[in-house]
Amino acid sequence: MQQALRLSELAGRLGGRWREGADPLITGAASLADAGPGDLSFVAGPGHIAEAKSSGAAAFLVAPGVELGRPVIEVERPYEAFARFLALQLPDPDRLYPPGVHPTAVIHPEAGVEATSVGPYCVVGAGATVGPGCRLGPHVTIGCDASIGRDCVLHAQVTVREGCLVGDRVIIHAGTVVGADGFGYLPGPGGQAKIPQVGIVEVQDDVELGALVTIDRATTGRTVIGAGSKLDNQVHIAHNVRIGRHCALSAQTGVAGSCTLGDGVITGGQVGIADHIVIGDGARIGAQAGVIRDVPARAAMFGYPALDFQESFRITAALRRLPAALARLRALENHGRGPGTKAGPEQET
Amino acid sequence: MQQALRLSELAGRLGGRWREGADPLITGAASLADAGPGDLSFVAGPGHIAEAKSSGAAAFLVAPGVELGRPVIEVERPYEAFARFLALQLPDPDRLYPPGVHPTAVIHPEAGVEATSVGPYCVVGAGATVGPGCRLGPHVTIGCDASIGRDCVLHAQVTVREGCLVGDRVIIHAGTVVGADGFGYLPGPGGQAKIPQVGIVEVQDDVELGALVTIDRATTGRTVIGAGSKLDNQVHIAHNVRIGRHCALSAQTGVAGSCTLGDGVITGGQVGIADHIVIGDGARIGAQAGVIRDVPARAAMFGYPALDFQESFRITAALRRLPAALARLRALENHGRGPGTKAGPEQET
Amino acid sequence: MQQALRLSELAGRLGGRWREGADPLITGAASLADAGPGDLSFVAGPGHIAEAKSSGAAAFLVAPGVELGRPVIEVERPYEAFARFLALQLPDPDRLYPPGVHPTAVIHPEAGVEATSVGPYCVVGAGATVGPGCRLGPHVTIGCDASIGRDCVLHAQVTVREGCLVGDRVIIHAGTVVGADGFGYLPGPGGQAKIPQVGIVEVQDDVELGALVTIDRATTGRTVIGAGSKLDNQVHIAHNVRIGRHCALSAQTGVAGSCTLGDGVITGGQVGIADHIVIGDGARIGAQAGVIRDVPARAAMFGYPALDFQESFRITAALRRLPAALARLRALENHGRGPGTKAGPEQET
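Residues numbered from 1 in each chain as written. Chains lettered and ligands numbered in written order. Predicted model: local features only at pLDDT ≥ 70, side-chain atom pairs only at ≥ 80, totals over all residues.

Novice: Would you mind showing me how to read the overall build of chain A here?
Specialist: Helix and strand counts for chain A come out as 5 helices and 40 strands. A compact globule built from 349 residues would reach a C-alpha radius of gyration of about 20 Å, whereas chain A, at 27 Å, exceeds it by more than 25%. If you line up chain A on its principal axes, its C-alpha atoms span 85 × 70 × 30 Å. Counting the 349 residues in chain A, one finds 58% classified as buried. Residue pairs in contact within chain A that sit at least 24 positions apart in sequence constitute 19% of those at least 6 positions apart. (Helix = DSSP H or I, 4+ residues; strand = E, 2+ residues; numbered from the N terminus. Rg over C-alpha atoms; globule rule 2.2 N^0.38 Å. Buried ≥ 20, exposed ≤ 12 C-beta atoms within 10 Å, placed from the backbone. Contact = placed C-beta atoms within 7 Å.)

Here it is as structure tokens:
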């Protein structure tokens, strides 16, 4: 935190109401389990009250009316208020990525860089632009004719390849690669012939890309990450994919070529989506699912191949009964019947 | 595209026949769905003719005899011709990776670098060589005694560790790591003791490695990526693996230690192959499959654990009938039989 | 190897006994299958004696009493001795990462760097410390106030973000990112609102992180990688996770937020662990498994969703009999019964 504050002062900053006599000095934030002296924590709901009472926290953000017998700030949505408190804890961005263009940055004379901070050893190619308010960590590479909007943060080692477009307020974590060639080949007598990938990637406003994400440029046209979408670490987006707005793709998810995801699609971790699949708005795909058919809007899918979650859960439950069911089937075949009902063609072993 | 061309001129360059009266100026390439004025598109087969007729493209590459009533170039294999056209659209490599060794590159005096282009902040270690015609993007690291052949492209942030060998015409996308230590430990009383990994990686001619790929060095000897093989983004190849020629491994596939893949093996995305597995020439492994037994040549495998695709598909189809089958089994047990044929040992709930 | 040695000399260095008349000059190490003249290999157990007899190796490490009729060194644990021999083969670290701070390294005046070697273009932020004995490859970024202990090796392109703690003797392979923001958002009317991630990552002593690993900083507090644990390439560890001591997580494994793994947990490749899962000491999770419930200590789990390995294997075996079982069920329904026992509600197709 940039400065310690009394609980009563914090209440004002967070839009809540300070309610107990004690007014501790707050120096940090922590979960109920980890909190110690000086820490502010929060009570997400009634199920956490017991844990809060035994927590080492100095004070708590709680919903109106929650009684802990401890110093609290009452606020309508405690977790949201806690998130606002966390924002106060962030280190000063001027310390992390100091203002100015570091003298070691190699910026092409035909590039247009208005960024607040360009770190050591950044490389910005001919024709590229970086908007005002941006902060680039060390070793960021912006290819020729690429464009980065306003107020973006690109952490260390990020690569944005030539011609790609990044909107405003985009955050890209370390090591992520935007605009590598799509995986396209023509099989022929001499092996796989490369299909040139002349399209680009468009990352729209307010997107956040985790660390070590890959988003491939389109064969022609654009691979699109829609406004407000969030991609976790190690997600892979293939060429020609279009991701809608406000999607959330968890870590290690892979989306194959030419898929279209609607708005608000959510995937668990390690999901795979086969090429040319269309997924409707608001669909949810469970972790590790493998999607091989189009998914309607607002569907919830699980498993491999992915099925509607109710069917998938029924199958999963049934599977645990399968070994015994095979024994029961055999028993039925062997008991009290004529010769025509004996064991089937497959012998059990 | 480096310059706009009339359709009639393009026909010559692409080895096709210009067939209609109109001779539009072609300024770009696009799919049928995305094409607009100035774009050349292509008709892959008869199934796309209707879409082509309503496409906004200025002209089309078509197979001989296809009638669209629109400007076309006739050519035997339209998609191949389109790929050749895409190559004309690529940006000038001298713009992306300008000729010469950037003054910030740190090249050891005992290294031998003949490359066409060495980008800013590249680091080339003692004893390393980089052949003529190569282009290295910014921040590429070539370890001591590593060798890069002729006419390779290594994009930004690529790391090739000490002693590793890269052939001719190899493309390595951004952030990929060739030659990190294999994952080898000896369990002991004080935990896992590291087994030194003193082998190398050999990447043969005409290989393409996607972005953020990892290929580990062998414990002893070589991890080999055979000539012409293509690895998509985020593929992981463990130590001592041997990948044959002209394989294509889709994104996020992982190959565990000491596997041997024959020539022409193709995997879908997110495939996992357990250690010491041997996969025969031309085998195909479906997306997300988990291979735990050797695979014969030309087999097609799916599922987890991976089975022959016909068996796998039968099981997948049968699974959807399993919940009802359990109910039918119960019904059989309950109807028209003596006490000896009642429900089996497991009670259904 | 830094120098060739006679087998008799090597015996002394490796704590073994030289036993045959011949005393070849040893110049390299290799597996039985790959070994050639000058190579030392090893016989892991009786099952490898035949292969050893036909191996091209110059000499062998064998258990006491093993007879090959070839030059050998007898030693209690041949594979361990071979690992010690491999350590002699490693290149000189002063050649790979030369002593001293490279003049291009950008070290903040308020940083404390005692490292043995800081490579070209490293960037060390304000308040950061790097202990004695450390070697940093090229392009390593150490964020503000981060701390790296003694005798660590950080390979090229590693990023350790602000405030994160790395212990002693830690090895981090190329491109790995420690301390990117956890994937935390609050859904709201305007999309996903970012929850600031103000915690850190603590990587304890003797950890090894593979290439292109991601370990996210905690929302508050610490994401912890316990002492001696080993993470293979492309592993992802989400925010607030606690990994115990001496764990081994194979490539492409993903651990979702707030999981707790005990000591000695081992995962195969591509394992996924859902958020808030607790896994007991010594548990083993098979490759590609998806863990969605807590796992007791020393359990062995397989499959998706992960089950105890015995149950999982029974189900896997039963699955292959399922298609035939459905036919047998149909046969039972159709033969020798009254109308009440005919085919169930689902029609087979």
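Novice: What am I meant to see in the domain arrangement of chain A here?
Specialist: Many authors give the size of an interface as the accessible area that is lost as the parts come together. Residue and element names in this part refer to chain A. Split by domain assignment, chain A resolves into domain 1 (5-90), domain 2 (97-308) and domain 3 (309-341). Inter-centroid distance (C-alpha atoms) of domain 2 to domain 3 is 47 Å. Taken together, the contact between domain 2 and domain 3 spans 7 residues of the former and 4 residues of the latter. Among the secondary structure elements, those contributing two or more residues to the side of domain 2 that touches domain 3 are strand 39 (300-302) and strand 40 (307-308). Among the residues forming the side of domain 2 that touches domain 3, the class breakdown is 4 nonpolar, 2 polar and 1 charged. (Domains from an automatic or database assignment. Nonpolar A, V, L, I, M, F, W, Y, C, P; charged D, E, K, R; others polar.)

Novice: How do you make sense of the interface of chain A and chain C when you look at a structure like this?
Specialist: The partner chain C presents 55 residues to the 59 residues of chain A that form the contact. Only helix 3 (78-89), helix 4 (93-96) and helix 5 (309-334) of chain A provide two or more residues apiece to the side of chain A that touches chain C. Each residue belonging to the side of chain A that touches chain C can be placed in one class, and the counts come to 26 nonpolar, 23 polar and 10 charged.

Novice: Is there a simple way to think about the interface of chain B and chain A in this case?
Specialist: Across the boundary between the two partners, chain B contributes 59 residues, which contact 55 residues of chain A. Sorting the residues of the side of chain B that touches chain A by element identifies helix 3 (78-89), helix 4 (93-96) and helix 5 (309-334) of chain B as the ones contributing at least two each. The element best represented in the side of chain B that touches chain A is helix 5 of chain B, accounting for 9 residues.

Novice: Looking at this structure, how should I read the packing of helix 5 of chain A against helix 5 (residues 309-334) of chain C?
Specialist: Axis angle and axis distance: for two packed helices, these are the angle between their axes and the distance between the axes, and together they describe the pair. The interhelical angle for the contact between helix 5 of chain A and helix 5 of chain C, taken along N-to-C directions, is 40 degrees, at an axis separation of 9 Å. Taken together, helix 5 of chain A and helix 5 of chain C sit at an angle that is classed as oblique. Seen along the crossing, helix 5 of chain A lies across helix 5 of chain C with a hand that is left-handed. Residues Leu-319, Arg-320, Leu-322, Pro-323, Leu-326, Leu-329, Leu-332 and Glu-333 of chain A of helix 5 of chain A form the contact with helix 5 of chain C, whose participating residues are Arg-314, Ile-315, Ala-318, Arg-321, Leu-322, Ala-325, Arg-328, Leu-329 and Leu-332 of chain C. Looking at the contact of helix 5 of chain A with helix 5 of chain C residue by residue, the class counts come to 12 nonpolar, no polar and 5 charged. (Axes fitted to C-alpha atoms, helices over the stretch in contact; angles between N-to-C directions. Parallel < 35°, antiparallel > 145°, perpendicular 65-115°, else oblique. Left-handed = near helix turned anticlockwise from the far one by under 90°.)

Novice: Explain the relation of the copies chain A and chain C to me, please; I cannot follow it from the model alone.
Specialist: The operation relating the pair of chain copies consists of a rotation about an axis and a translation along that axis. With an RMSD of 0.1 Å, the operation that places chain A on chain C is a rotation of 120 degrees combined with a shift of 0.0 Å along the axis. Taken together, the rotation angle and the small translation identify this as a three-fold axis. Counting the interface residues of chain A, we find that no more than 17% of their copies in chain C are interface residues as well, pointing to two distinct contact surfaces. (Least-squares fit on C-alpha atoms with pLDDT ≥ 70 in both.)

Novice: Honestly, the relation of the copies chain B and chain A in this entry has me stumped. Any pointers?
Specialist: After a rotation of 120 degrees and a shift along the axis of 0.0 Å, chain B superposes on chain A with an RMSD of 0.0 Å. Interface overlap between copies is the fraction of interface residues in one copy that are interface residues in the other; for chain B against chain A it is only 17%, indicating separate surfaces.

Novice: How should the environment of Thr-116 of chain B be read in this particular structure?
Specialist: Residue and element names in this part refer to chain B. Relative to the assigned elements, Thr-116 resides in the loop between strand 10 (112-113) and strand 11 (117-118). Classification of Thr-116 as buried rests on a count of 21 C-beta atoms within 10 Å. Taking the C-alpha atoms as reference, Thr-116 lies 5.4 Å from Cys-134; in sequence the two are 18 residues apart. The contacts of Thr-116, once residues within four sequence positions are left out, are Pro-99, Gly-133, Cys-134 and Arg-135.

Novice: Help me out: how do you make sense of helix 3 (residues 78-89) of chain C in this one?
Specialist: Since there are 3.6 residues in each turn of an α-helix, residues three or four apart along the chain are aligned in direction. Between its terminal C-alpha atoms helix 3 of chain C stretches 17 Å, which fits the 16 Å expected from 12 residues at 1.5 Å a residue. Looking at the buried side of helix 3 of chain C, the elements it contacts are strand 22 (185-188) and strand 23 (191-194) of chain B together with helix 1 (7-14), strand 4 (28-29), strand 5 (39-42) and strand 6 (59-62) of chain C. (Expected span 1.5 Å × (residues − 1).)

Novice: Would you take a moment to explain the pairing of strand 23 (residues 191-194) of chain C for this structure?
Specialist: Side chains on a regular strand alternate between the two faces of the sheet. Residue and element names in this part refer to chain C. In the sheet, strand 22 (residues 185-188) pairs with strand 23 via 4 bridges, with the strands oriented antiparallel. Across the sheet, residue Pro-187 finds its bridge partner in strand 23, namely Gln-192. Remark: 2 residues form the turn of the hairpin made by strand 22 and strand 23, two consecutive strands paired antiparallel. (Pairing = 2+ DSSP bridges.)

Novice: Just to check I follow, could you spell out the sheet that holds strand 4 of chain C for this structure?
Specialist: Hydrogen bonds between backbone atoms are what pair the strands of a sheet, whose relative direction is either parallel or antiparallel. Residue and element names in this part refer to chain C. The 5 strands lie next to each other as 2-7-6-5-4, forming an open sheet whose pairing is mixed. Since the sheet does not close on itself, it has two edges, and those belong to strand 2 (17-18) and strand 4, each with one partner. Sheet analysis places strand 4 next to strand 5, joined by 2 bridges and oriented parallel. Bridge pairing in strand 5 places Gly-28 opposite Asp-39.

Novice: Would you mind going over the environment of His-102 of chain C with me for this structure?
Specialist: Residues and elements named next belong to chain C. Take His-102: it is sitting in the loop between strand 8 (100-101) and strand 9 (106-107). Residues His-102 and Gly-119 lie 17 residues apart in sequence; the distance between their C-alpha atoms is 5.4 Å. When residues no more than four places from it in sequence are discounted, the contact partners of His-102 are Val-118, Gly-119 and Pro-120.

Novice: Just checking my understanding: could you explain helix 1 of chain C for this structure?
Specialist: Residue and element names in this part refer to chain C. Among the residues making up helix 1, those that are buried are Leu-7, Leu-10, Ala-11 and Leu-14. For helix 1, the buried positions fall inside an angular range of 110 degrees around the axis, keeping them on one side. Packed against the buried residues of helix 1 are strand 1 (5-6), strand 2, strand 3 (25-26), strand 6, strand 7 (72-74) and helix 3. Gly-15 lies just past helix 1 and shows a positive phi near 70 degrees. (Arc of directions from axis to C-beta.)

Novice: Honestly, the confidence of the model for chain A in this entry has me stumped. Any pointers?
Specialist: The predicted structure's coordinates, where accompanied by low pLDDT, should not be read in detail. Residue and element names in this part refer to chain A. Averaged over every residue, the pLDDT of chain A is 93; residues scoring 70 or more account for 95%. Confidence over residues 338-349 falls short of pLDDT 50; this stretch has 19 contacts with residues more than four positions distant or in other chains. Interface scoring of the predicted complex returns ipTM 0.94; its pTM is 0.95. (pLDDT = per-residue confidence, 0-100.)

Novice: What exactly am I supposed to notice about the sheet that holds strand 40 (residues 307-308) of chain B here?
Specialist: Ordered in space as 8-11-14-17-20-25-28-31-34-37-39-40 (chain B), the 12 strands form an open sheet in which the pairing is mixed. One side of each edge strand has no neighbouring strand; the edge strands of this open sheet are strand 8 (100-101) and strand 40 of chain B.

Novice: Looking at this structure, how should I read the pairing of strand 27 (residues 222-225) of chain B?
Specialist: All names here are of chain B. Bridge analysis of strand 24 (residues 200-203) against strand 27 gives 4 bridges, and the strand direction is parallel. Along strand 27, the bridge assignment pairs Ile-200 with Arg-222. Looking at chain direction, strand 27 and strand 30 (residues 242-243) are connected through 2 bridges and run parallel. Bridge assignment links Ile-225 to a residue of strand 30, and that residue is Ile-243.

Novice: Looking at this structure, I do not really get unusual backbone geometry. What am I missing?
Specialist: Working note: non-glycine residues mostly have negative phi, and peptide bonds are mostly trans. Residue and element names in this part refer to chain A. Here the amide bond leading from Tyr-304 into Pro-305 is cis, since omega sits at -5 degrees, within 30 degrees of zero. In this fold, Pro-305 is placed in the loop between strand 39 and strand 40. Residues other than glycine seldom take positive phi values, yet Arg-169 does so here, at roughly 55 degrees. Tracing the backbone through its elements, the reader meets Arg-169 in the loop between strand 19 (165-166) and strand 20 (171-172). Judged by the 17 C-beta atoms lying within 10 Å of it, Arg-169 falls in the partly exposed class. With phi around 65 degrees, Ser-258 is a residue other than glycine that occupies positive phi space. Structurally, Ser-258 can be placed in the loop between strand 32 (254-255) and strand 33 (260-261). Overall, Ser-258 belongs to the partly exposed group, with 19 C-beta atoms counted inside 10 Å.

Novice: When you look at the environment of Val-66 of chain C in this model, what are you seeing that I'm missing?
Specialist: All names here are of chain C. When you line up the elements, Val-66 lands in the loop between strand 6 and strand 7. Sequence separation between Val-66 and Ala-30 is 36 residues, and the spatial gap between their C-alpha atoms is 19 Å. Ignoring sequence-local partners within four residues, the contact set of Val-66 consists of Val-43 and Ile-49.

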